[in-house]
Amino acid sequence: MIAMKLTAIKTLSRYRSYLFPVSILVLLLWGAAVVSRVDPAVLAAGIPRGIDLLGHMLPPDWAAFPQLMAPALKTLQIAFVGTVFGILAAFVVSLFAAANINPNRAVRETMRGLLSAQRALPDLIILLFFVAIVGLGPFPGVMALAVSSVGMLGKLFADAIEEVDPRPMEALVAVGATKGQIIRYAVLPQVMPSLIANSLYRFDTNIRMSIFLGAVGAGGIGFDLVVSIRLLDYQTAFSAIIVVLILVLACEKLSDVLRTRLFGQEVLR
Amino acid sequence: MNKHPKKQKQNEEVHYQRWYRRWFWPGSFFMLLFVWCLFALNISPRQFWEGIPHFFSLVSEMFPPNWAVFTRGKVLWSILEVLSMAFLGTFLGTLFSFFLALLAAGNLTPSPLVRTAAKWLMAAERAVPTLIIILLLVVVVGLGPFAGMIALAIGSVGMLGKLFAEAMENVDPKPLESLVSTGASKLQVIRYAVLPQVAPSLIANTLYKFDINLRAALFLGVVGGGGIGFELHLAMSLFRYADALAITVMTLVVVWLAEKISDYLRRRIIGQEVLQ
């Protein structure tokens, strides 16, 4: 009896250090539940509505597929063009941010700072600003994707450039090559694999973003999805969902295939 | 000086010929595709030039930022909403992911059927964009932060579940085996052999996902998830640019602070080594 009590006390004292953090966590969770209006009754009422929704969605509206092809293509084009612009900008910036290409420390630090500032900026803010400047349509979508890709890609590119084997570069400097020649013949061949692999990875991210951008006003399949749900046209919505899933999976597969085709088995990320 | 200038020149040429042969077709295909997309989307340099004066007029309309927008209770409340959505969504997502990961880990779930089902479920979730999840949830539970919170919880399962399952499969098997040999129950094995080993990666990944979810919560606001993203979108759509700038600055501060806090917790809880 006493032994049992003792082990109980022992166990309790072992967990006592957790008491304070756990109670804070519980308090925060409770507060968050109140603020985000968590209501089990709403959820309970929602479940039959969800089943009902599924019933309304099935079967998908097969006739809508031909009409959904053009928006799907547009989403793809926005993602592609946005990613390419992002890659170009990121590459130029990364040259200025790499210590072995740009000896000027002040410029380098400024570029690194800009890149990390971009990464800190939420993509939604970038998008809404571009929409406010140039209006709705694919152009703000492309620009938002390009700008939001620069921070991450630029950092990865700059790190890759700084890690290149310095010998080819030194050899070129010794024979009096210009900066452009050094970049073209010593840097580019070495960083190409990581550059392409990271760009493909970013394209995967951007295709999802591009779908979301459609819902916010850039046009494309996301817009059709939102509109069909707002119009309670659930069968068309289901068709749009299928198209979105095919798009996402196909792009992932394509970039996987390209990655392995270009670099063999080793998949860089 | 050079004994074989001719030969060297030939070598160089061969090298370039090979390089160009390898990249010529993929390169030109890529360029053609890019140009075709530019034309299809109607993107031209003109749009850049036309955007510049718009940019300056936007800036002049935004300044000075209208800080008075925060005296409206709704806007201030929406900051709390977005934080709550991200926090609770990440927490619930972590719980789901943990249980799913237990079912998906090869060393904890012997049944290959259950394991495959759990892994498939997580892979399926990863494939589904969050936009689809939130749009369906808005129909089911209505507009507002509750829908956004559930969308974030569901949206966390795919990535976190996969990472947790990988962490569990990589634990040192010796403590596990010794507990099993003393006749410990499944729960005891998880509590005393698995949890202590995976806790650092679990916490680090959860905190990292919180940062991601906070940004995702901003987007969810636009399509019906509530929060400051909705307020920002509203202010922009109503051309209230001074309000929009104030909200933007506040959003940046909140996101930045949240990131600092999660960084601090990561370092505090798991020491210097930051796992991701």
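The rules behind these values
- Residues numbered from 1 in each chain as written.
- Chains lettered and ligands numbered in written order.
- Predicted model: local features only at pLDDT ≥ 70, side-chain atom pairs only at ≥ 80, totals over all residues.
- Helix = DSSP H or I, 4+ residues; strand = E, 2+ residues; numbered from the N terminus.
- Buried ≥ 20, exposed ≤ 12 C-beta atoms within 10 Å, placed from the backbone.
- Contact = placed C-beta atoms within 7 Å.
- Rg over C-alpha atoms; globule rule 2.2 N^0.38 Å.
- Domains from an automatic or database assignment.
- Core = buried A, V, L, I, M, F, W, Y, C linked by C-beta atoms within 7 Å.
- Nonpolar A, V, L, I, M, F, W, Y, C, P; charged D, E, K, R; others polar.
- Expected span 1.5 Å × (residues − 1).
- Bend = angle between axes of the 7 residues up to and from the residue.

**Some thoughts on the overall build of chain B**
Point 1. For chain B, the count of helices and strands is ten helices and zero strands.
Point 2. In chain B, the succession of α and β elements from N to C terminus is α-α-α-α-α-α-α-α-α-α.
Point 3. Along the three orthogonal principal directions, the C-alpha set of chain B runs to about 75 × 75 × 40 Å.
Point 4. Counting across all 276 residues of chain B, residues that qualify as buried make up 39%.
Point 5. Looking at chain B alone, contacts between residues at least 24 apart form 72% of all its contacts between residues at least 6 apart.

**Concerning the overall build of chain A**
Point 1. Looking only at helices and strands, chain A features ten helices and zero strands.
Point 2. Listing the helices and strands of chain A from first to last along the sequence gives α-α-α-α-α-α-α-α-α-α.
Point 3. In terms of overall dimensions, chain A is more spread out than a globule: its C-alpha atoms have a radius of gyration of 26 Å, far above the 18 Å expected for 269 residues.
Point 4. Seen through its C-alpha atoms, chain A measures out along the principal axes to roughly 80 × 70 × 40 Å.
Point 5. Here chain A, with 269 residues, has 39% of them falling under the buried criterion.
Point 6. The contacts of chain A with a sequence gap of at least 6 include a subset with a gap of at least 24, amounting to 73%.

**A short note on the domain arrangement of chain A**
Point 1. For chain A, the assigned domains are domain 1 (2–46) and domain 2 (62–263).
Point 2. Taking only C-alpha atoms, the centre of domain 1 of chain A and the centre of domain 2 of chain A are 43 Å apart.

**Some thoughts on the nonpolar core**
Point 1. Counting 145 residues, the largest nonpolar core has A:Val142, A:Leu225, B:Leu135 and B:Phe164 as the members making the most contacts within it.
Point 2. Here this core takes 17 residues from helix 8 (residues 186–225) of chain B, the largest share from any one element.
Point 3. Once residues lying within four places of it in the same chain are set aside, the contact partners of A:Val142 are A:Ile78, A:Val81, A:Gly82, A:Phe85, B:Leu41 and B:Ile43.

**Describing the interface of chain A and chain B**
Point 1. Taken together, the 47 residues of chain A in the interface contact 47 residues of chain B.
Point 2. Of all the secondary-structure elements, those providing two or more residues to the side of chain A that touches chain B are helix 1 (2–35), helix 2 (40–57), helix 3 (65–97), helix 5 (123–134), helix 6 (138–162), helix 8 (179–218), helix 9 (221–230) and helix 10 (234–263) of chain A.
Point 3. Top element by residues in the side of chain A that touches chain B is helix 5 of chain A. It accounts for eight residues.
Point 4. Across the side of chain A that touches chain B, the residue classes tally to 37 nonpolar, five polar and five charged.

**Overview of helix 5 of chain A**
One turn of the α-helix equals 3.6 residues, which is why residues spaced by three or four share an orientation.
Point 1. The terminal C-alpha atoms of helix 5 of chain A lie 17 Å apart, and with twelve residues this matches the ideal 16 Å at 1.5 Å per residue to within 8%.
Point 2. Judged by how many residues are buried, helix 5 of chain A sits mostly within the fold: nine of twelve residues are covered.
Point 3. What helix 5 of chain A keeps buried is the set A:Leu124, A:Ile125, A:Leu127, A:Leu128, A:Phe129, A:Phe130, A:Val131, A:Ala132 and A:Ile133.
Point 4. Check the buried side of helix 5 of chain A and you find it contacts helix 6 and helix 8 of chain A together with helix 2 (45–62), helix 8, helix 9 (228–237) and helix 10 (241–270) of chain B.
Point 5. Immediately beyond the C-terminal end of helix 5 of chain A, within one or two residues, lies A:Gly135, with a positive phi of roughly 85 degrees.

**Description of helix 8 of chain A**
All names here are of chain A.
Point 1. Compared with an ideal rise of 1.5 Å per residue, which puts 40 residues at 58 Å, helix 8 spans 39 Å between its outermost C-alpha atoms and falls more than 12% short.
Point 2. The sharpest bend along helix 8 reaches about 55 degrees and sits at Leu 188, with the proline Pro 189 one to four residues further on.
Point 3. Phi for Gly 219, located one or two positions after helix 8, is positive at around 85 degrees.

**Remarks on unusual backbone geometry**
Point 1. In this chain, B:Phe63 is followed by B:Pro64 through a cis amide linkage whose omega measures -5 degrees.
Point 2. Residue position: B:Pro64 is located in the loop between helix 2 and helix 3 (73–104).
Point 3. In the Ramachandran plot, A:Arg37 falls in the positive-phi region, its phi being about 50 degrees despite a non-glycine side chain.
Point 4. If you trace the backbone, A:Arg37 turns up in the loop between helix 1 and helix 2.
Point 5. A positive phi angle, near 65 degrees, is found at B:Asn42, a position not held by glycine.
Point 6. Topologically, B:Asn42 is positioned in the loop between helix 1 (5–40) and helix 2.

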